[in-house]
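Residue-level listing of the chains:
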Amino acid sequence: MLTIKCAGCKNKVMKYKKIGKGKVLKCWESKIKKLYDIEIKNNELRCKNCGKIIGDVIIDNTGENHVNMDSKSFKYTGTKVNN
Ligand SMILES: [Zn+2]
């Protein structure tokens, strides 16, 4: 499980179950286990503490909702799960 934090203020953003060793590019709704202090406005997921945009929220009616993550706006700790 990864704990994703805002790169600006280090506030926790979410707990995410990342499968595989690849980069964290998209966070799928079903694998987001917890959301912390965030705000979603105009389909942008922001850190509520400092307002930094962490990613774009994609509402996908034919697939799964997810967040396209901005790699420069977050850091994470924790471990990825092997397939
Ligand atoms: Zn922040």
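These notes cover the structure that comes with them. The structure presented is a predicted model; accordingly, all values stated were derived computationally and were not measured.

Each value, and the rule that gives it
- Residues numbered from 1 in each chain as written.
- Predicted model: local features only at pLDDT ≥ 70, side-chain atom pairs only at ≥ 80, totals over all residues.
- Heavy atoms only, no water.
- Donors = N, O, S within 2.8 Å, 3.2 Å for Na, K, Ca; no water.
- Tetrahedral: all angles 85-135°; square planar, octahedral: opposite > 155°, others 65-115°.
- Buried < 20%, exposed > 50% of the residue type's maximum accessible area, 1.4 Å probe, protein only.

1. Points about the coordination of the zinc ion
Note on the zinc ion: its protein donors are Cys6 (SG), Cys9 (SG), Cys47 (SG) and Cys50 (SG). The metal-donor distances range over 2.3 Å. Viewed at the metal, the 4 donor atoms of the zinc ion are separated by angles of 100 to 117°, and the geometry they form is tetrahedral. All donor residues of the zinc ion come from one chain, and their arrangement in sequence is C-x2-C-x37-C-x2-C. Look at Cys6 and you get buried, because its relative accessible area is 0%. Among the residues examined, Cys9 registers a relative accessible area of 24% and is labelled partly exposed.

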